[in-house]
Amino acid sequence: MRTLDSLTLGSKWGSTLAGKKIGGGETQGLQYNSITPRFGVELGVDKPLLALDDEEVGALVQLAAERGVVVARDQDMTPQQQADFAHRLGSPLTTPVNKGKLPEELLLIQANEKSKGVAGNGWHSDVSSAVKPPGLSMLRMDIVPDAGGDTLFADMRQVFESLSPAMQNFLQTLHARHEPRGHYLYLSGAKRLDELPSVEHPVVRSHPLTGDKAIYVNDGFVAKIVELSGSESRALLNMLYDLVAYAVNFQCRVRWQPNTVVFWDNRVVQHHAAFDYWPERRRGYRATIEGEAPILLQ
Ligand code: SIN
């Protein structure tokens, strides 16, 4: 067993990812088991999230930066307690659409027998069209189907690593235009999508806590690679999206139970909510924590 502490946890540019296999372990009192050797961990059940002290919350944020996805089971909490916890992770995005029924920090994710589709049923990174797109997302489910409804996650650092040096170098010269889509309209409260600005972000970004480089284009929000022609941009984006979708070695998949909480770090992770459980119900609450304007450090 290796501990994250022995792998330079917390050092500013101490990436633990490249070329290392990390098993289960313990950091700052947080026990965890790996879902795959390098991507995704599941916390032990001995400590409810609501009982974590500030140092442990810091360790949780670092663990998500290092391992992309952190799963915590059996987390009984009210929506208000989840919203309060989200403030301990940073500045949560707020939405005007809850109209007092839910805290403004939470986005309701739900499907039932009337649903024809669900939010998040496609590979994406949350709200990447924001100037400062989300870092962590925190999703808690309270109603889950008997089977199905898993969320799939892809490690965009390993996708980047899998490319040839020539392609890695080329991608690091490029920027992509991210446009707000329906999901963001819902979050922002704007009436029309064209009221909302689009933004340009680097195609490869560096994680501010680890220095890890990750591909940062996603099918949910990206309209075009700025420096390329339309057909070149489409060809390159399709190549990258195929890598995300087919690269099962860089993915993990979370099976939900009532009161499962999953944190993912949108800077280095894309996710896809499977919609294979209709007409059963699934309901959860997502807190989305503001990140920083993406940058690429050499
Ligand atoms: C999302 O945040 O995109 C939803 C994820 C899910 O429902 O599993």
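Refer to the structure presented above.
Below or above, wherever it landed, is the structure these notes cover. Worth saying up front: this structure is predicted, and the values here are computed from it rather than measured.

Rules used throughout
Residues numbered from 1 in each chain as written. Predicted model: local features only at pLDDT ≥ 70, side-chain atom pairs only at ≥ 80, totals over all residues. Buried ≥ 20, exposed ≤ 12 C-beta atoms within 10 Å, placed from the backbone. Helix = DSSP H or I, 4+ residues; strand = E, 2+ residues; numbered from the N terminus. Arc of directions from axis to C-beta. Contact = placed C-beta atoms within 7 Å. Near = placed C-beta within 6 Å. Expected span 1.5 Å × (residues − 1). Pairing = 2+ DSSP bridges. Axes fitted to C-alpha atoms, helices over the stretch in contact; angles between N-to-C directions.

So, about helix H2 (residues 79-89). One full turn of an α-helix is made of 3.6 residues, so residues set three or four places apart face in the same direction. Buried within H2 we find Gln82, Ala83, Phe85, Ala86 and Leu89. Summarising the axial view, the buried residues of H2 lie within an arc of 160°, below the 170-degree limit, and thus occupy one face. Away from its buried face by more than 90 degrees, H2 exposes Gln80 and His87. Where H2 is buried, its residues contact helix H1 (54-67), strand E5 (106-111), strand E6 (134-143) and strand E16 (282-290).

This part takes up the site of the ligand. Around the ligand, a shell composed of Ile109, Ala119, Gly120, Asp126, Ser137, Leu139, Thr151, His271, Ala273 and Arg286 is seen. For the shell around the ligand, the elements supplying multiple residues, two or more each, are E6 and strand E15 (269-273).

Once that is clear, we can look at helix H6 (residues 230-246). The end-to-end C-alpha distance of H6, which contains 17 residues, comes to 24 Å, matching closely the 24 Å that a straight helix rising 1.5 Å per residue would cover. Residues Ser233, Leu237, Leu240 and Val244 constitute the buried set of H6. Projected down its long axis, H6 shows its buried positions confined to an angular sector of 65°, all on one face. Of the exposed residues in H6, the ones pointing more than 90 degrees away from its buried face are Ser231, Glu232, Ala235, Asn238, Met239, Asp242 and Tyr246. Looking at the buried positions of H6, the neighbouring elements they touch are strand E7 (151-155), helix H3 (156-161), strand E11 (213-215), strand E12 (222-225) and E15.

Turning our attention to the sheet that holds strand E9 (residues 199-202). Spatially, three strands are ordered E9-E8-E12 in an open sheet, and the strand pairing comes out antiparallel. Two strands bound the open sheet, and with one partner strand each, they are E9 and E12. Going across the sheet, the axis of each strand differs from the next one's by a mean of 30°, ignoring polarity. Bridge count for strand E8 (residues 175-178) against E12 is three bridges, and the pairing is antiparallel. Residue Arg177 lies in a different strand from E12, and its bridge partner there is Lys224.

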